[in-house]
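# Per-entry structural report
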Number of protein chains: 4
Amino acid sequence: MLVNLHADADAAHTERSLRGLGLWTQRLADDEGHIRSLRIVAPSPPISVDALNAVPGVLSVLSTQSGHPLVDAQAGRPVVVGNTQIGGEQPALIAGPCSAESAEQVFAAAEIAATSGAKILRGGAYKPRTSPYSFSGHGPDALGWLREAADRHHMALVTEVMSEYDVERVADVADLIQIGSRNMQNFALLRAVGASRQPIMLKRGRAATVEDWLLAAEHALDAGASQVVFCERGIRGFDPSMRNLLDLGAVALLKHVHGQTVIVDPSHGCGRRDLVSPMAKAAYAAGADGVMVEVHPHPETALSDGAQALTADELRHLAKQIGVSV
Amino acid sequence: MLVNLHADADAAHTERSLRGLGLWTQRLADDEGHIRSLRIVAPSPPISVDALNAVPGVLSVLSTQSGHPLVDAQAGRPVVVGNTQIGGEQPALIAGPCSAESAEQVFAAAEIAATSGAKILRGGAYKPRTSPYSFSGHGPDALGWLREAADRHHMALVTEVMSEYDVERVADVADLIQIGSRNMQNFALLRAVGASRQPIMLKRGRAATVEDWLLAAEHALDAGASQVVFCERGIRGFDPSMRNLLDLGAVALLKHVHGQTVIVDPSHGCGRRDLVSPMAKAAYAAGADGVMVEVHPHPETALSDGAQALTADELRHLAKQIGVSV
Amino acid sequence: MLVNLHADADAAHTERSLRGLGLWTQRLADDEGHIRSLRIVAPSPPISVDALNAVPGVLSVLSTQSGHPLVDAQAGRPVVVGNTQIGGEQPALIAGPCSAESAEQVFAAAEIAATSGAKILRGGAYKPRTSPYSFSGHGPDALGWLREAADRHHMALVTEVMSEYDVERVADVADLIQIGSRNMQNFALLRAVGASRQPIMLKRGRAATVEDWLLAAEHALDAGASQVVFCERGIRGFDPSMRNLLDLGAVALLKHVHGQTVIVDPSHGCGRRDLVSPMAKAAYAAGADGVMVEVHPHPETALSDGAQALTADELRHLAKQIGVSV
Amino acid sequence: MLVNLHADADAAHTERSLRGLGLWTQRLADDEGHIRSLRIVAPSPPISVDALNAVPGVLSVLSTQSGHPLVDAQAGRPVVVGNTQIGGEQPALIAGPCSAESAEQVFAAAEIAATSGAKILRGGAYKPRTSPYSFSGHGPDALGWLREAADRHHMALVTEVMSEYDVERVADVADLIQIGSRNMQNFALLRAVGASRQPIMLKRGRAATVEDWLLAAEHALDAGASQVVFCERGIRGFDPSMRNLLDLGAVALLKHVHGQTVIVDPSHGCGRRDLVSPMAKAAYAAGADGVMVEVHPHPETALSDGAQALTADELRHLAKQIGVSV
C-alpha cells in the first residue's frame, strides 16, 4: 500500500503514527527531497484504507490488487472433506501410512488412526521419490485398499495424485486430493485436479513464498476445485540438523491474516520422530486447523520414511495432547 | 554415527531396523559393492551406542565427538538470572522497550511489564542498527534508567552489549548479558563477556546452524560465562511477507534433544505485531522456556521498531494466554 | 567416503594428509575415544579409492554408491540437438523470445538470433505462469511458428512442455524438450518426456540441490531420454535486489566434477537486463557449455518478461563477447 | 522508485513501456480500482528520473533516498592499498596463507605469491574459528612475520582484525584491514577500524543482502575509513555439496550498478580446491577487480583450511589464466 501525504504534512510525524499502528514504512521523495509518499513495506496487522485515511497528514491511499480473488473469497469457511471437515471447532487429525504397502498394513494403520481420533485417513498409492530406484507405490491396488480401510472406519480419505492421467482414478476414491510439494507449481496438474471439482490439499513447495502458494491455489480454484486446504510441510533450510524447516510463521499468516484453512505435516516438517509431537502442538498454537502424521504398525519394516513414522502408542499420545476427541 | 556390520550381516535388514528406530541411514560399501557400514545421517531420537549394538548385524559403533562439551554439561539446569530463573517450572516472560528512550518511557514500560507478570526487564541501551544514521541508544544513561526501573519492580535485567569496551559497564548493571544476533560469532565479544562470569543470552545469528550456535555458546562458556540461555529470533528466509523466519524446529531440537534452556523473541521473529501472540504460544508448545517481547507505552512515538511493539493491553492478554502468573 | 584406519595409525597425521589432498574430514571414534575412521565430508578434488589407500595409516576405504548411474554414464559426451550440439568445442548460444506471441514476432526474433550466431532457437508455446491470469502461451499455433522460424534459419528448436498430454505434440516439433524449473521434480512429466526418447533440457528447481537435480535427470534417462543437458537458471535467494540467485558454483561442479553438459540462463538468472552480459561471460568462465537468453524485437511490447529481454544490438554484442562465431 | 500517472494515462501502455526499459513494475490503484501509480519493484538498468519523466503517461517520479551516501560517493575510484591499488586496469591478485603458522611458512608462501604476480600478501594473525578449540592464530608475532614477508617482496599487506583491542596493533602493520564475514555487522569493530582512517576490506556476511553490506560499509566510512573494498566470499546456501554459495550476481551488481571496488575469495567461496580456478575466472568475468586466494607451501601440514589451499604450481597457473602480469 502507498500513502500519499498532504503538501504541508509533517512526514516524520505521519510515519511514526503509521509505525505505531504496526506498519513498516519507506519514504518516497520528489526531486527536491520533499517526502511526498510513504510506502507500507509490510503491514503488520491488516489495515483498512479508512484507518489509513484517518491518520493525520494522509491525503490518499493506493493499494495493489490481490492476485488471488478466489482464494480470498474462500476465507473463513471450513473445508468439507467427505463426512467431516477441516477448519471447524475441532482440530483435525489426519493419519495413516506414508505409503500403502499392502492391504494388511493399510488396514492395521487405519485402525490405529481411527482409534486415535483421526477422521481422515492418509496414505500414498503414488509416491514421488527423489530417486527413480526407490519404491514408488502400488498405484490402483493401493487406492482400493485405502478406500476400503477408510470405509471400514467411516473415515474420509486423502491421497496424492502425481500424473494428469491418474486424476480421474484418484478423484473416484479420494475425498480430498493431495498435490505434493514437488508439484505445487505443476500448473497442468493443478488445473486437471481442479477440473474434478473436488477439494484439494495443496502442500507448499520447498522454495515457495506464501504469495506463490496462494497463487497456486488460485490456479486450482480457477479450474474448478471446490476448496483448497493448505498444508505446510517444511521448506528448504540451510541447517543439516533437520531435513526441512517447518515455517509456522507462514501458518500463522495464512490463518490469522488470510483466513485460510491450514494443516501442518510435522513428520516431513522436521523429519525427526521425536520432534513430531512438540511441533504438532506448536502448529496448533500457531493457528493450524489440523495435523497430518504418518503412522505405521511396524516402522522397522516400512518401505518408505520409516524413520519418521509414529507407532500406535505415539499417535494416541499425540492425539490426546492436542485435544482430539476419539 | 557409524555402524559397522558383521561380515555376514543382512545389510538391508539391519538398515530397516535402524530406520524403524527413527534413524536415517546411508550405505557404505567396499570396492566389491559389499555393504560394510551404515552411516546414521540424522538420528531422529537420540540413540545410545548400547541400543545400536543391540541391533542384529551390528559389529561396532563409531561416533563423532561433541565439539561443545561445556554446553552439553549445562544441559537440564535452569539458568539463574538475578532473583529468578529461566527454564524452571514457570514459563519466563521477558518484556520491556526495544530501546530505552527516556527515563519516563523505561519506567512506564517496566510497570507494564511487571504488572503483566514479567520477572525480567529487557531494554536496549546500545542498539545495533543496520544504518549508521539510525538512533543507536542512550548508552550509560540508559543503563541507569533500566537498572532503576528493574529494581523498582524487583525484576532482573537483561540488556545487550555490543562493544568489548562496554562489557564491564554492562556487567555492572545487568543480570543477564545479551549478545545480539549480528554478534553471535563475534568471538572477541563472546570471550570478553564470558570473562565477566555472568550468564549470557545468546541470540541466534541469521545464518547460523544449530551447531554453529552451540559452538558460539561453547566459546562463551570456555571464557568463563556462568551459563548460556539461547534465544531464537528468526533466521534469514526467502519470503518477503515476513521480516524473519522463526525456526521453532530449532527450539524443539535445542530443548528436547540437547536439553538446553531456550527462549524465543517472537517480536523480531516475524516482525508483525499481530502474529506475536500466536507465535509466542507456538514457541511454548515447541518447548521454549520463555518468550521475550517488546512493549512500549506509546508505540506511535517509538524511536525504533514501533511496528512490532505490543501495547499494555496486548502484553497482558499474551501473558494470560501463555499461563504466566502475575 | 569413509577411510578406516590401521589400529596403530597416527590419526592426526593421516587426517592432515587427507586435508592436504583437498579433502574435508570428520573423525569417528570408538567407545574409548580411539579414532578408528575418518569420514570425507566433502571431497574437494574427486579422489580415487587407490589414492586414498596410498595414504599412510589407511586400512580400507568405503564409498557410497552413486544414485544416478545413467547420468554418470553420459559424462563427457556433447548433447546432440538436431543438426548441432551443446558441449562441443564451440560455445552454444540459444536465443529467442520468452514467449511466442505471434508469427511475426517469432520470425523477427529468430532472425536476430540466427544472425547473432545462435544455432538453437528458444521460445515458449506453453508458459508456466505463477498467476492463472497471466498470458500462458499460444500453444499448438506457437509450436508451428517456432518450427517454421527455426527451419528458415537451419536452427534447432528448444521449447518447454508442461503437460503430459502435450508431450507428443511438442516432441514432434522440438529438437530439445525443456522441462521447466517448477517441474524439475514432476516425475510423471519427466518420465513421459523421457519416453519420447529425445534429448531433454532440465532446468534446475529453485530449491534443488545438485544431487536432487542429478536424480531428476536419472528419472528422465531411466524412462528413455537420449541425453540430458542441465540448465542453471537461478535458485531461490534471500536478497530482494535480484529476482534469483545464479549459482555458478553448481555449474562448475556439474561440468568439472560430474562431466555433464550445462548451460546457463542469465536472463532469468538475475532478472536484470543490464547484468545479462557479465553473467553470461561469467557462466562460460565457470564452465558452462552455452547460454540461453531472451531476445525480443520490441521489448516494450512483450507479453511476458519484457524487462529481461535483450534487444538485437545487445544480443549481437553479447555473442561477440563470448566468442560465438556467426 | 514510484511513478505517478496522469489522470488520463493509459496505465497498461505506460507499464509496458517501463518494462521495455528493463523495469519490473507493480500497479497501485485507488479505491475505485483506477491505477494511479506504478511502483518500480526492481530497476533492471539504473534509470534516471529524467528518463522516467519522458515516458508517456508519467506525471511525476518519487524516489527513496540512498541510505549510504558515503559509499555512493566513493564509486568509480580504485582503492589505494600501500604502493598498489585494487580496481585499476590490472586485475589484483591477493595471495598468502590462510593462517600465519611460522615465520618460515609465511616467508615461503609470500615468495610463491610474489613470484606469481600477487601485489598484496594476505595471511591471518588472528583467526575467527567456529570452535573455541581450533587454532586461532599467533597474534602479534604473526603480524611481524607478515609485515617482514610483505616488505621483502615490496608487497602490500592485508590481514584481519577481530577485536577492538587489536585495531591499533593491526593498523600499524597492515595496508588494508580485513573485517571478516562473521563481523560484517559488528558495528563496534567497524567504527573502531574506521577511526584508524585506513582502507578496509569488508567481507560479506553469510546472510547479508547487498543493501546490508553497503550499509555496513557506510558505518566504516562514517567513522573515518579512507575507502572500503568489498569481498564476496560465499553466502549460506542450502546445498551441502559446497561449503558456501558464491554469489557472483552480487559482484556484478556491486561493480556494474553501484560502481564499487569488489574482489572475490573463491577459496572460501566454494571450499573446493579444484573449483578455485574456474570460479576465479568467473569472478573476473562477472566484474570483480581481483581475487584473494590461499596458498600454502605444504598444504598437507596446514593448521587451518588445508583442503582449500592452492599449491605453488596451482597459483602460478591461476595467475596466468586470469591475466596477472608478474
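Before any of the text, the structure's been laid out above.
Conventions adopted
Every chain's residues receive numbers from 1 upward, in the order its sequence appears when written. Note on labels: chains are lettered from A, ligands numbered from 1, in written order. Side-chain atom pairs in this predicted model are given and counted only at pLDDT of 80 or more, local residue features only at pLDDT of at least 70, and totals for whole chains, interfaces and linings cover all residues. Computation of side-chain values: all heavy atoms of the structure, hydrogens and water removed. We count a salt bridge whenever a side-chain nitrogen from Lys or Arg sits within 4 Å of a carboxyl oxygen from Asp or Glu. Helix and strand labels come from DSSP, where a helix needs a run of H or I of at least four residues and a strand needs a run of E of at least two; each type is numbered from the N terminus. In this scheme, a residue with accessible area under 20% of its type's maximum is buried, one over 50% is exposed, and one in between is partly exposed, where area comes from a 1.4 Å probe on protein chains only. Whether two residues touch is decided by their heavy atoms; if any such pair falls within 4.5 Å, the residues are in contact. Simply put, the buried area is the total loss of 1.4 Å probe accessible area from both parts when two parts are fitted together. Identification of polar contacts relies on pairs of N or O atoms within 3.5 Å, with a donor-acceptor requirement for protein atoms, meaning one able to donate a hydrogen and the other able to accept it, and with residues adjacent in sequence counted only if both atoms are side-chain atoms. Each residue is assigned to one class: nonpolar for Ala, Val, Leu, Ile, Met, Phe, Trp, Tyr, Cys and Pro, charged for Asp, Glu, Lys and Arg, and polar for all the others, Gly among them. Nonpolar cores were defined as sets of buried Ala, Val, Leu, Ile, Met, Phe, Trp, Tyr and Cys residues, with membership established by side-chain atoms within 4.5 Å. A pair of aromatic rings is counted whenever rings of Phe, Tyr or Trp (Trp by its six-membered ring) have centres within 6.5 Å, and the orientation is called stacked for planes under 30 degrees apart, edge-to-face for over 60 and tilted otherwise. Any Lys NZ or Arg CZ found within 6 Å of a ring centre and within 35 degrees of that ring's normal is scored as a charge over the ring. A least-squares superposition brings the copies together, and it is based on the C-alpha atoms of residues with pLDDT no lower than 70 in both. Strands qualify as paired when DSSP identifies two bridges or more between them. By definition, the crossover connecting two strands over a helix is right-handed if that path, from the first strand to the second, turns clockwise as seen with the strands pointing away from the viewer. The charge count treats Lys and Arg as positive and Asp and Glu as negative. His and the chain ends do not count. Angles shown run from 0 to 180 degrees and are taken between the N-to-C directions of axes, each axis being a line fitted to C-alpha atoms and, for helices, limited to the stretch in contact. What the arc covers is the set of directions going from the helix axis to the C-beta atoms.

### A few points about the pattern of salt bridges
Residue and element names in this part refer to chain C. Following the criterion strictly, the structure yields 64 salt bridges over all chains and no others. Of the charged contacts, one joins Glu294 and Arg122 as a salt bridge, the two residues approaching to 4.0 Å between their closest N and O atoms. One end of the pair, Glu294, is in strand 14 (residues 290–294); the other, Arg122, is in strand 8 (residues 120–122), and 172 residues separate them in sequence. Residue Glu294 is classed as buried on the basis of its relative accessible area of 0%.

### Description of the interface of chain B and chain A
Counting residues at the interface gives 55 residues for chain B, matched by 55 residues for chain A. Taken together, both faces of the contact between chain B and chain A bury some 4,100 Å²; the carbon and sulfur share is 65%. Per-residue buried area on chain B facing chain A is highest for Trp24(B), Phe238(B) and Arg272(B); these three make up 17% of the total on that side. At the junction of chain B with chain A, the criterion picks out 2 salt bridges. Ionic pairing is found between Arg204(B) and Asp239(A), a salt bridge with its closest N-O pair at 3.8 Å. Applying the counting rule to chain B against chain A returns 4 residue pairs in polar contact (both at pLDDT 80 or more). Only helix 1 (11–20), strand 2 (23–29), helix 9 (248–257) and helix 11 (276–286) of chain B provide two or more residues apiece to the side of chain B that touches chain A. Per element, the largest residue contribution to the side of chain B that touches chain A is 7 residues, and it comes from helix 9 of chain B. In terms of residue class, the side of chain B that touches chain A is made up of 29 nonpolar, 12 polar and 14 charged.

### Thoughts on the nonpolar core
Judged by nonpolar contacts, the single largest core of 323 residues is most densely connected at Leu248(A), Leu248(B), Leu248(C) and Leu248(D). Residues in contact with Leu248(C), not counting those within four places in the same chain, are Val264(C), Met279(C), Ala282(C), Ala283(C), Ala286(C), Leu248(D) and Met279(D).

### Overview of the packing of aromatic side chains
Centre-to-centre distance and the angle between the planes together describe a pair of aromatic rings. Evaluation of the coordinates by the stated rule reveals 6 aromatic pairs over all chains. Ring centres 4.7 Å apart and planes at 80 degrees place the aromatic pair Tyr165(A) and Tyr165(C) in the edge-to-face group. Placement of the pair is Tyr165(A) in the loop between strand 9 (156–160) and helix 6 (167–173) and Tyr165(C) in the loop between strand 9 (156–160) and helix 6 (167–173), with the two residues belonging to separate chains. The exposure class assigned to Tyr165(A) is partly exposed, which follows from its relative accessible area of 47%. The ring of Trp24(B) has Arg243(A) lying over it, and the distance from NZ or CZ to the ring centre is 3.4 Å. The lysine or arginine in question, Arg152(C), covers the ring of Phe107(C), its NZ or CZ lying 3.8 Å from the ring centre.

### Let's talk about the environment of Met242(B)
Residue position: Met242(B) is located in the loop between strand 12 (228–232) and helix 9. A residue is classified by how much of its surface remains accessible, and Met242(B), at 12% relative accessible area, is buried. Along the backbone, Met242(B) and Leu38(B) are 204 residues apart, and their C-alpha atoms lie at a distance of 40 Å. Ignoring any residue separated from it by four or fewer positions in sequence, one finds Met242(B) in contact with Gly249(A), Ala250(A), Leu253(A), Cys270(B), Arg272(B) and Leu275(B).

### Topic: the relation of the copies chain B and chain A
After a rotation of 180 degrees and a shift along the axis of 0.0 Å, chain B superposes on chain A with an RMSD of 0.0 Å. Read as a symmetry element, the transformation amounts to a two-fold axis. Residues of chain B ranked by C-alpha distance from the rotation axis are headed by Ala282(B), positioned 2.1 Å from it. Most of the interface of chain B is mirrored in chain A, where 100% of its interface residues again form contacts.

### A short note on the pairing of strand 9 (residues 156–160) of chain D
Residue and element names in this part refer to chain D. In terms of burial, strand 9 is a largely internal element, 5 of the 5 residues being buried. Burial along strand 9 is two-sided: Ala156, Val158 and Glu160 and Leu157 and Thr159, pointing in opposite directions, are all buried. Direction of pairing for strand 8 (residues 120–122) relative to strand 9: parallel, over a ladder of 3 bridges. Opposite Arg122, over in strand 9, you have Val158 as the bridge partner. The β-α-β motif built from strand 8, the intervening helix 5 (residues 140–152) and the parallel element strand 9 has right-handed crossover chirality. Bridge count for strand 9 against strand 10 (residues 176–179) is 3 bridges, and the pairing is parallel. Across the sheet, residue Val158 finds its bridge partner in strand 10, namely Leu176.

### Some thoughts on the interface of chain D and chain A
Of the residues lining the interface, 18 residues belong to chain D; the matching set on chain A comes to 18 residues. Carbon and sulfur atoms make up 63% of the area that chain D and chain A hide from each other, which totals about 1,400 Å². A per-residue breakdown of the area chain D buries against chain A is headed by Leu28(D), Leu62(D) and Phe238(D), which together make up 32% of the total. One can count 0 salt bridges joining chain D with chain A. On inspection of chain D and its partner chain A, the count reaches 2 residue pairs in polar contact (both at pLDDT 80 or more). Counting residues per element, the ones that place at least two in the side of chain D that touches chain A are strand 2 (23–29), strand 3 (35–43) and strand 4 (58–62) of chain D.

### Structural notes on the side chain of Ser37(B)
For Ser37(B), the position within the fold is in strand 3 (residues 35–43). Here the side chain of Ser37(B) touches Asn4(B) through a polar contact of 2.7 Å, side chain to side chain. Not counting the four nearest positions on each side in its chain, Ser37(B) is found in contact with Leu2(B), Val3(B), Asn4(B), Leu5(B), Gln26(B), Arg27(B), Leu28(B) and Leu62(C).

### Overview of the pairing of strand 12 (residues 228–232) of chain A
All names here are of chain A. Burial within strand 12 is extensive, with 5 of its 5 residues counted as buried. Side chains Val228, Phe230 and Glu232 project from strand 12 onto one buried face, and the interleaved Val229 and Cys231 project onto a second face that is buried too. Once the chain exits strand 11 (residues 200–203) it traverses helix 8 (residues 210–222) before rejoining the sheet at strand 12, and the crossover so formed is right-handed. Relative to strand 13 (residues 262–264), strand 12 runs parallel, the two being bridged by 3 bridges. From the neighbouring strand, Phe230 faces strand 13, where its bridge partner is Val262. Crossover handedness for the path strand 12 to helix 9 (residues 248–257) to strand 13: right-handed.

### A short note on the side chain of Asp166(C)
Within the secondary structure, Asp166(C) is located in the loop between strand 9 and helix 6. Arg169(C) provides the closest opposite charge to the buried, salt-bridge-free Asp166(C), at an N-O distance of 4.1 Å.

### Things to note about the sheet that holds strand 7 (residues 92–96) of chain D
All names here are of chain D. Taken in spatial order, the 8 strands line up as 7-8-9-10-11-12-13-14 and close into a barrel, and their pairing is parallel. With strand direction ignored, the average angle separating the axes of adjacent strands in the sheet is 25 degrees. Bridge count for strand 10 against strand 11 (residues 200–203) is 3 bridges, and the pairing is parallel. Counterpart to Gln178 in the pairing with strand 11 is Met201. Those strands touched by helix 7 (residues 187–194) are strand 10 and strand 11, and its axis lies near 175 degrees from that of strand 10. In the packing of helix 8 (residues 210–222) onto the sheet, contacts are made with strand 11 and strand 12 (228–232), and the angle to strand 12 comes to roughly 150 degrees.

### Considerations on helix 12 (residues 312–321) of chain D
All names here are of chain D. When we look at burial in helix 12, the residues that qualify are Ala312, Leu315, Leu318 and Ala319. Taken around the axis of helix 12, the buried residues stretch over an arc of 130 degrees, which confines them to a single face. Across from the buried face of helix 12, at angles greater than 90 degrees, the exposed residues are Asp313 and Lys320. Elements that come into contact with the buried residues of helix 12 comprise strand 7, helix 4 (103–115), helix 11 (276–286) and strand 14 (290–294).

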